Amino acid sequence: VSTAKPLEGIRIVDFTWVGAGSFTTKFFADFGAEVIKIESTTRPDQLRRAEPLVGDKGLNESGYFANRNTNKKSITLNMKDPRSVAIVKELIKDSDIVANSFTPNTMEKWGLGYEEVKKVKDDVIYLCMPMQGTTGPHKDFLGYGLTINALIGMIHMNGLPGRPPVGTGTNYPDHVPNPGHAAFAVLSAIEYKNRTGEGQYIELSQVESSISIFPEPLLAYLNNNEIMEAKGHQHPTKIPYGIYRCQGEDRWCALSVGNDQEWESLCQAIPALRNHPHFDTIEKRRANEKQLDEVISKWTIEQTAEDVMACLQGHGIPSGIVQDAEDLVSKDKNLQQRQFWQRLDHAVMGETLYHGTPFKFNKIPTAYRQAAPLIGQHNEELKKWLHLSEEDYQKLLDDRVIQ
Amino acid sequence: LPRALEHLKLLDLSQSMGAYCSKLLANMGADVTLIEPLQGHRQRSEGPFLHNQRDPSKSLKFHYLHADKKSLCMDIEKTEGKLLLKKMFDRSDIVIESFTPGYLQSLGLSYEQLQEEYPHLIWCSITPFGQFGPYREYKADDLTLMSMGGMAYLAGYPDDSPLASFGEISYYSASLCAAVAIMIALQNRHKTNAGDFIDVSIQECVALGTETAPQFYDLQGSVRKRLGYAQREPGMGIYPCKDGYILFYAGEIGGGTGWVRLVEWLNEEEIPDAEQLLLPQWRDKEWKKKEEAKEIFYPLMEQFTKRYTKDELFMEGQRRKVALGPINHAKDLADSVHLKDRQFFGPVSQIEQEEVLGPGAPYRLSITPWRIEKPAPAQGEDNVRILQQLGFDDQDVSRLKEMGVIT
């Protein structure tokens, strides 16, 4: 079994917190980089108190936090004390990357803006990823994944005509678009530094990064002056195309028919569609869409979602159960065989569930090594990193510089 | 200005699923060649189209996704095509593809069959359910993957079906994860001098978007359901305003920001009965989770939000440090003073003489900035040039055309 750690030797001084930033540096930690989270006990990462919680008091009990912080280290510093800033600068001297997801000027107030950091680490790669970027009239605005969903039009585009829109129901930009873009940008900067020895400054506006993966409404407006509206499950060429109710409580199966061959196969699977005069051309299927959906629903409601999918897949029709958390974690055989879910033993939470990496390599392992760090768990390592004597370290503790 | 990835060559055989992945690398400077099937890339026939003209040369989506790439239009199933593709592998660093597992093997073109010949290649497969597992050959598209990956179940109205998002975001998620994985494999290649095979499962990329639903199930045994536009708790939900809707995310510790400041705001606005929100009970998490609390709160909030436009609420809320965002549509974004100031939207490609406008840089790098250097290619635009670079002469090119290997 390979133990390759492609990012070993890279060290990140990590000020990111909450959703997107933490997931960005997780990619690095999972593949061998040393990621040192700089935390504060007085203003801890909100996610340390975010549900689901195992207990209800501490800062080491959140399943939300744990899932985003595998393989990282945590130290706790009082950043208002100039000695903390000096400690961070010492760490940065031996690091490659400094990352933060604060609103602009937070790092600058501490004297840790890019220009200051460059003075101690000339070739640093410096990532800042505030919600709206570091320039522009809204640069200081605060938000979360869900407010980004609102801002970028993702909520507007998801709903049914005549009803308020609903969006994705999650902080989606925090989970993939922003960490994905940020990690890719930093890795590209590393690749450039490998060749030239030069570091650089990276600014990522989480709003702009999220719009980049949701371009269609903007393309339609900017080029055609057309405002797209939410239409539920409507596809320009596929029909039927939707989510159909199956037997049981809140059980559903999606299906999608994109060409004549798939339509013929669907007719084989659902006898009531065969030779039906209202459905024999795609134009008629579109004109009689409501009736078409009713006929399909009558068929799906009599069977379990599992049976519907098995039958339709047997006929070569794109289809899939609308899986809930229980399906994903304890029933899906594909995820099981691929060992997608990982369980790690955490000092306070015990053994809990983590999302795995969504890709596998032939030569690089993807099994996580360590659960998320307790707050300040790695403070003692500062002695080693900064060559501090026991007395000096104790003094920093006594003075609450190290919290 | 230098480009971060200008030393890399990538072949993209992935059609829709990896289109954004190769865009990410192309816009950082990688030399990206689309291998287009003879009938053309699927996305050429997908809208929106310029001026709504359903013409394969006018797909705005294709132009957004494929600017800065080259096009080699060819038949990879013919013997001569296979040889040509292998010559391309030889000069490439990265291959991405989305074929159903087993298909390339049947052509003798799978990574397994070729890895000894091309040991430097980083080969990234992006498929619905991955290369192994019982569902690997299942037919899928964005809708069914959003369903199987668990995002659809969390979205939609409680009184209607779950909802898969507009916009093929499963493919974008997968493309982003693939690009990160490719860069990780590249770092490993620097250390070991060897390429690698990457198996991206789109279902798993979607599952990353299920937030903490799996952890709630694991830690509390509860199955998270869709809420629609209903309040998650008081102050966290979608509310109607004068000209549309606004999303408030004004919770406290562990979720959202600004509950106390929102209550102050409601009282300054003299919303009838809003004083009760000052009682200690309204800072109790357990109480705020109750339906009763949400039902008391909603009408107060609605009275308030309906007095203003979404932009008025957004500006004043941000001034007060309350987390909130307007439910924008595309025009709101195009008109945004902030995005204009940052010049985020701009030309991304060109169709005949017209510029195609779209979203610009997803990130800004100081030394090696994101940029687009040329419009999306016409189908097979680079056929001849690429063949010449590979050492084919005019006769060879005509012969390959006659044989139907290239267009």
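Please refer to the structure higher up on the page.
Counting restarts for each chain, with residues numbered from 1 along the sequence as it is written. The lettering of chains begins at A and the numbering of ligands begins at 1, in the order of writing. Note on the predicted model: pLDDT of at least 70 is required for a residue's local features to be given, and 80 or more for side-chain atom pairs to be given and counted; whole-chain, interface and lining totals, by contrast, use all residues. Working from all heavy atoms in the structure, the side-chain values ignore hydrogens and water.

1. Quick notes on the overall build of chain A
- Elements are defined by DSSP. Helices are runs of H or I of four residues or more, strands are runs of E of two residues or more, and each kind is numbered from the N terminus. When helices and strands are tallied, chain A shows 18 helices and twelve strands.
- Principal-axis analysis of the C-alpha atoms gives chain A an extent of 85 × 50 × 45 Å.
- Residue contacts are counted whenever heavy atoms from the two residues lie within 4.5 Å of one another. Sequence separation of 24 or more characterises 66% of the internal contacts of chain A that already satisfy a separation of 6 or more.
- On chain A, roughly 14800 Å² of surface is accessible, and the fraction owed to carbon and sulfur atoms is 48%.
- Side-chain charges in chain A split into 44 positive and 53 negative, and the spacing between the mean points of these groups amounts to 1 Å. Values of accessible area rely on a 1.4 Å probe in the Shrake-Rupley scheme; residue burial ignores everything except the protein chains shown. Positive residues here are Lys and Arg, negative ones are Asp and Glu, while His and the chain termini are left out of the count. Taken as the charge centre is NZ of Lys, CZ of Arg, CG of Asp or CD of Glu, depending on the residue.

2. Describing the packing of helix H8 (residues 177-196) of chain A against helix H7 (residues 169-192) of chain B
- To obtain each axis, a line is fitted to C-alpha atoms, and for helices this fit is confined to the stretch in contact; angles are then taken between N-to-C directions over 0 to 180 degrees. One way to put it is that H8 of chain A packs onto H7 of chain B with a least axis distance of 9 Å and a crossing angle of 25 degrees. On the basis of the axis angle, H8 of chain A is roughly parallel to H7 of chain B. Between H8 of chain A and H7 of chain B lies a crossing whose hand is left-handed. Between H8 of chain A and H7 of chain B, the residues in contact are Pro177, Gly180, His181, Ala183, Phe184, Leu187, Ser188, Ile190, Glu191 and Asn194 of chain A and Leu176, Ala179, Val180, Met183, Ile184, Leu186, Gln187 and His190 of chain B, respectively. Every angle not falling under 35 degrees, over 145, or within 65 to 115 is termed oblique; those three ranges are roughly parallel, roughly antiparallel and roughly perpendicular. Handedness of a crossing follows from how the near helix is turned relative to the far one, being left-handed for an anticlockwise turn of less than a right angle and right-handed for a clockwise one.

3. Description of the sheet that holds strand E1 (residues 11-14) of chain A
- A pair of strands is considered paired only if DSSP assigns at least 2 bridges between the two. Strand order in the open sheet formed by seven strands is E3(A)-E2(A)-E1(A)-E4(A)-E5(A)-E6(A)-E12(B), with mixed pairing between adjacent strands. One side of each edge strand has no neighbouring strand; the edge strands of this open sheet are strand E3 (73-76) of chain A together with strand E12 (364-365) of chain B.
- Pairing of E1 of chain A with strand E2 (residues 34-39) of chain A involves four bridges; the strand directions are parallel. For Val13 of chain A, the partnering residue across the bridge sits in E2 of chain A and is Ile36 of chain A.

4. Overview of unusual backbone geometry
- Cis geometry marks the peptide bond from Glu51 of chain A to Pro52 of chain A, where omega comes out at 0 degrees.
- Tracing the backbone shows Pro52 of chain A in the loop between E2 and helix H2 (63-68).
- Geometrically, the link from Gly47 of chain B to Pro48 of chain B is a cis peptide bond, its omega value of 0 degrees lying close to zero.
- Note on placement: Pro48 of chain B falls in the loop between strand E2 (31-36) and helix H2 (60-66).
- Located in the positive-phi region is Arg400 of chain A, a residue other than glycine, with phi close to 60 degrees.
- Even without being a glycine, Gln15 of chain B presents a positive backbone phi close to 55 degrees.
- You can see Gln15 of chain B is positioned in the loop between strand E1 (9-13) and helix H1 (19-26).
- Relative accessibility under 20% of the residue-type maximum defines a buried residue, over 50% an exposed one, and the middle range a partly exposed one, all with a 1.4 Å probe and only protein chains included. For Gln15 of chain B, a relative accessible area of 15% gives the class buried.

5. Quick notes on the pairing of strand E6 (residues 200-203) of chain A
- Pairing of strand E5 (residues 125-128) of chain A with E6 of chain A, which is carried by four bridges, proceeds in the parallel orientation. If you follow Leu127 of chain A over to E6 of chain A, its bridge partner there is Ile202 of chain A.
- As paired strands, E6 of chain A and E12 of chain B are joined by two bridges and run antiparallel to one another. Residue Glu203 of chain A lies in a different strand from E12 of chain B, and its bridge partner there is Arg364 of chain B.

6. A few points about the interface of chain B and chain A
- On the side of chain A, 148 residues touch chain B, which itself brings 151 residues to the contact.
- Buried area adds together the accessible area that both of two parts lose upon being put together, with accessible area traced by a 1.4 Å probe. Between chain B and chain A the total buried area reaches about 13300 Å² when both faces are included, carbon and sulfur atoms providing 64% of it.
- For chain B, the biggest contributors to the area lost against chain A are Phe166, Glu204 and Leu208 of chain B; these three give 6% of the whole.
- Each salt bridge in this description consists of a side-chain nitrogen of Lys or Arg and a carboxyl oxygen of Asp or Glu lying within 4 Å of one another. One can count 13 salt bridges joining chain B with chain A.
- Definition of a polar contact: a pair of N or O atoms within 3.5 Å, with one able to donate and the other able to accept a hydrogen when the atoms are protein atoms, and with sequence-neighbouring residues admitted only if both atoms are side-chain atoms. Linking chain B to chain A there are 73 residue pairs in polar contact (both at pLDDT 80 or more).
- With 16 residues, the single largest contributor to the side of chain B that touches chain A is H7 of chain B.

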